[in-house]
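Residue-level structural notes
Residue strings, one per chain:
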Amino acid sequence: MHQLDQILSEVAGYHPSADLALIRRAYTFAAEAHDGQTRKSGDPYVTHPLAVAQVIAELKLDVSSVCAGLLHDCVEDTSATVDQIGDIFGKEVAFLVDGVTKLGKLPYSTREEQQAENFRKMLLAMARDIRVILVKLCDRLDNMRSLNHLPPEKQERIATETMQIYAPLANRLGIQWVKIELEDLAFKYLNTGEYDQLAADVAKTRAERLEYIHTVEKTIQKEMADHGVPCEVMGRAKHLWSIYQKMKRTQRPFEDIHDAIGFRVITDSQMHCYHALGVAHQTWTPIPGRFKDYIALPKPNLYQSLHTAVIGPRGERIEVQIRTQEMNLVAEHGIAAHWKYKEGKPVAADDDKKFAWLRQLMESQKELRDPTEFLESVKIDLFGDEVYVFTPGGDVKALPKGSCPIDFAYAVHSSVGDHCSGARVNGMIVPLRYQLRNGDTIEIITSPNQKPNKDWLKLVKTTRARTKIRYLLRTEQRDKAIALGTDLIDKAMRKAGTTVSRAEKQLQAAARELKCVNTDELIIQVGYGKITAQQVVDAALPDAKGAGVAPVEKAESLLKTLMRKVTRRTSSSGIKVAGEDDVLVRFAKCCSPLPGDPVVGFITRGRGVTVHRRDCDKGLDLDPERRIDVDWDGTSNAQHEVAIQVLCADKPGLLAHISQSFTDQSVNISQAHCRATEDGRAVNTFHALVRDLDQLKGVIRSLSRIKGVYSVDRVAAEA
């Protein structure tokens with residue numbers, strides 16, 4: 001009960017008139033519902049909802065949210081129902097609990113499909129009430145804090161999902177402290193070796209760092225006071241994931257990261273923010289290109305602040321963030337700090353463009369029914385920094401960093417994107433691959449004869465542009481498949497004495513027998529190679545020559561007739577296609593799938609089945625109609641080529657250590673490309689043969705532990 005008392009005290013502190021009795025009743029209900037259940041740690045299960053409610057209280061959310069935190073697992077893990085919770089605690093609490101509850105009891109073919117539908121449901125509930133996702137984030141945070149009690153494969157899966165979806169979502173919602181903790185916890189389980197090494201390096205310099213922070217805090221405070229700027233100054237070290245990302249981005253070891261400390265100046269007014277910026281730039285030398293004004297141009301998550309970087313005391317680079325107290329509250333708690341959501345009001349569709357990103361996610365979930373593609377779009381929309389560009393009329397458009405003019409064109413209108421042939425940026429013609437920069441003014445040049453092509457998919461960053469381009473390309477593929485399928489069926493039918501146009505009713509009957517929705521789908525399936533023209537003829541004209549054998553038994557599918565190997569044997573590829581192990585298979589070079597990777601196959605007429613990783617961009621670009629179920633054999637000992645890129649210091653003997661690391665893991669290097677860079681570093685790409693994903697992870701962990709190695713990444717085998 002001690003933790004419950006803490007929660008009640010916390011809620012009473014920021015909401016004096018709160019109905020604390022309702023929270024007590026919610027705890028009692030949860031404790032009784034979960035009675036006898038334990039967590040993987042062995043603790044009573046009710047400790048989890050209590051911990052979730054504690055985080056919700058730290059976000060200073062309302063009583064309904066705290067109750068939802070206590071009750072969030074009751075519907076999924078106990079006999080309690082949403083209606084029962086609604087009767088006892090009210091419709092508002094029941095709605096929040098239902099929004100967070102997973103769809104685990106519904107049948108889905110893959111874990112990915114279940115994950116996508118869970119998130120889709122939360123997204124719909126989130127659009128009605130933002131507190132749904134806030135409760136879910138608190139739930140995920142406590143799950144990550146206790147992840148050490150789960151087996152390694154579950155740790156990796158949950159940590160990956162956290163890094164790809166929940167940490168970026170916390171960032172979008174502006175809840176920085178939750179985002180930071182989620183990232184560091186996920187980092188701990190996804191890159192254990194690098195995490196442990198970096199944590200040790202940071203711990204070694206802790207005393208020196210604290211002394212430096214204290215000194216600089218006093219210096220900044222004195223300078224601001226001398227210039228009449230009332231403020232509070234706080235210094236902090238960057239979190240581990242942020243430092244690690246900077247090490248990878250700059251290809252430098254921890255010892256060379258000199259701006260791992262940031263300082264926050266909190267003042268009383270917007271005017272004093274700009275005054276403080278002037279003082280900072282007058283006192284220390286600003287670093288060019290590092291100033292950002294998020295007060296004049298707030299981030300979509302409501303974040304406002306001035307950012308700059310200067311050469312501070314002792315010649316160290318330091319980052320300085322300047323904001324008001326109100327801005328700081330929003331920076332820490334994001335949407336949770338916004339008064340509207342404490343009253344439980346829904347997100348209005350026209351809410352000052354503050355929730356444009358949420359509306360974009362909503363559009364994505366309406367348009368994308370394929371789970372893999374939907375999750376990819378979510379990750380794109382949540383991840384990354386943004387650039388702010390202008391239309392010729394002066395309207396601001398926020399696009400993901402790295403966007404090109406095609407992204408801008410689709411942001412203006414679908415038809416503008418479809419016919420985009422060029423662009424002017426700040427009055428000058430630029431290629432379509434040009435990456436937009438903050439402050440650019442973009443004018444799109446269109447042509448009625450222009451249409452999207454596959455190369456555009458390599459350039460665009462936005463979900464909207466990618467979805468529209470894929471749709472048009474797939475429509476084109478389907479048109480070709482219809483033409484080819486019609487031609488193949490017509491040729492086969494002419495041999496039986498009829499034609500497609502004269503056998504319309506027979507084709508409808510064949511479509512039903514071959515389990516196609518209609519004749520159009522039947523023709524497309526033939527065009528893509530999933531059904532043969534002979535199967536169609538046998539089903540449509542059972543009395544034709546050669547009848548007497550059941551159609552499916554008589555006519556082998558294209559997988560059998562076009563892709564059967566010369567002699568039947570156990571699959572040397574290690575892949576089974578639709579349960580068959582003697583089908584011609586090729587692995588996509590763009591993603592080099594390994595046993596253990598989730599995979600998907602695509603029929604390629606005349607070339608067998610091409611296997612991609614499920615998250616491969618190029619696989620997602622292909623028409624889902626060509627998709628076929630594939631799975632790893634499990635009995636095959638086939639070796640698979642994979643490319644590993646190692647960034648390291650360019651020093652004698654290091655390459656030998658790296659090579660020995662492969663040998664220690666019983667992995668053979670088939671090819672290596674090593675080059676030194678001008679800044680004393682080396683980029684090494686090794687093509688190696690491994691059994692499966694687990695062996696690859698072992699190699700990566702082993703390489704990461706070598707002193708002088710900055711990063712190890714799996715890359716495309718064609719790199």
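Now for a description of the structure that goes with this document.

The rules behind the values
Note on numbering: residues in each chain are counted from 1, in written sequence order. Note on the predicted model: pLDDT of at least 70 is required for a residue's local features to be given, and 80 or more for side-chain atom pairs to be given and counted; whole-chain, interface and lining totals, by contrast, use all residues. Hydrogens are left out, water is left out, and the side-chain values use all remaining heavy atoms of the structure. Secondary structure elements are taken from DSSP: a helix is a run of H or I of four residues or more, a strand is a run of E of two residues or more, and numbering for both begins at the N terminus. Burial classes follow relative accessibility: with a 1.4 Å probe on protein chains only, a residue under 20% of its type's maximum area counts as buried, one over 50% as exposed, and anything between as partly exposed. Should any heavy atoms of two residues lie within 4.5 Å, those residues are counted as being in contact. Note on areas: these come from Shrake-Rupley sampling with a 1.4 Å probe, and a residue is covered only by the protein chains present in the view. A pair of aromatic rings is counted whenever rings of Phe, Tyr or Trp (Trp by its six-membered ring) have centres within 6.5 Å, and the orientation is called stacked for planes under 30 degrees apart, edge-to-face for over 60 and tilted otherwise. In this description, strands pair whenever DSSP reports at least two bridges between them. Definition used for salt bridges: Asp or Glu carboxyl oxygen within 4 Å of a side-chain nitrogen of Lys or Arg. For our purposes a nonpolar core is just a set of buried Ala, Val, Leu, Ile, Met, Phe, Trp, Tyr and Cys residues, chained together by side-chain atoms within 4.5 Å. Only C-alpha atoms enter the line fits that serve as axes; for helices the fit covers just the stretch in contact. Angles between N-to-C directions range over 0 to 180 degrees. Counting rule for disulfides: a pair of cysteine sulfur atoms within 2.5 Å.

On to the overall build of the chain. The secondary structure content of the chain amounts to 31 helices and 21 strands. For the chain, the proportion of its 719 residues judged to be buried stands at 51%. Put simply, 66% of the contacts in the chain that link residues at least 6 apart link residues at least 24 apart. About 34000 Å² of surface is accessible on the chain, with carbon and sulfur atoms providing 50% of the total.

With that settled, consider the packing of aromatic side chains. The full count for this structure, using the stated rule, is eight aromatic pairs. On the basis of an interplanar angle of 35° and a centroid distance of 5.7 Å, the ring pair of Trp241 and Tyr244 is categorised as tilted. Separated by three residues within a single helix, Trp241 and Tyr244 lie in helix α14 (residues 240–250), roughly one turn from each other. Between the aromatic rings of Tyr294 and Tyr303, the centroid separation amounts to 6.0 Å while the plane-to-plane angle is 70°, which identifies the pairing as edge-to-face. With respect to class, Tyr294 is no different from Tyr303; both count as buried. In textbook terms, an aromatic cluster arises when at least three aromatic residues are bridged by ring pairs, as seen for Phe187, Tyr195, Trp241 and Tyr244.

Ordered by their spatial adjacency, four strands build an open sheet running β13-β15-β14-β16, and the pairing between neighbours is mixed. In this open sheet, the two edge strands, each paired with only one partner strand, are β13 (585–587) and β16 (627–628). The sheet contact formed by β13 and strand β15 (residues 608–613) spans three bridges and is parallel. When the sheet's bridge partners are listed, Val585 is paired in β15 with Val609.

The tally for this structure, following the rule as stated, stands at 19 salt bridges. The partner of Lys136 in a salt bridge is Asp139, and the shortest N-O contact between them spans 3.3 Å. With Lys136 and Asp139 both in helix α9 (residues 131–145) and three residues apart, this pair spans about one turn of that helix. Residues Lys136 and Asp139 agree in their burial class; the two are buried. One salt bridge connects Asp226 with Lys222, and the closest N-O pair in it is separated by 2.9 Å. Taken together, the residues Asp226 and Lys222, both in helix α13 (residues 206–226) and four residues apart, mark about one turn of the helix. For Lys222, a relative accessible area of 52% corresponds to the exposed category.

Bringing the nonpolar core into the picture now. Ile23, Leu71, Ile85 and Leu198 are the most contacted members of the largest nonpolar core, which totals 74 residues. Those residues in contact with Leu71, other than ones at most four positions away along the chain, are Ala26, Phe29, Ala30, Ile85, Phe89, Val93 and Val97.

Attention shifts here to the sheet that holds strand β18 (residues 640–649). Strand-to-strand pairing in sheets goes through backbone hydrogen bonds, with the strands running parallel or antiparallel. If you trace the four strands from one edge of the open sheet to the other, you get β19-β20-β18-β21, paired in antiparallel fashion. Each of the sheet's edge strands pairs with one partner strand only, and the pair in question is β19 (668–676) and β21 (709–715). In this sheet, adjacent strand axes meet at a mean angle of 20° when their direction is disregarded. Note: β18 against β21, six bridges, orientation antiparallel. Within the sheet, the bridge partner assigned to Cys648 lies in β21 and is Val709. Lying on the sheet, helix α30 (residues 654–664) is in contact with β18, β19, β20 (681–690) and β21; it crosses β20 at an angle near 20°.

In most cases, non-glycine residues show a negative phi, while peptide bonds are predominantly trans. You will see that Lys515, though not glycine, has its phi angle at about 60°, which is positive. Locating Lys515 in the fold gives a position in the loop between α24 (504–513) and α25 (519–528).

The next subject is the environment of Ile603. Within the secondary structure, Ile603 sits in strand β14 (residues 599–604). Residues Ile603 and Arg626 lie 23 residues apart in sequence; the distance between their C-alpha atoms is 5.5 Å. The contacts of Ile603, once residues within four sequence positions are left out, are Tyr528, Gly529, Lys530, Gly608, Val609, Arg626 and Ile628.

Here the structure, examined in full by the defined rule, presents zero disulfides. Distance from the sulfur of Cys404, which forms no disulfide, to the nearest cysteine sulfur (Cys420) is 7.9 Å.

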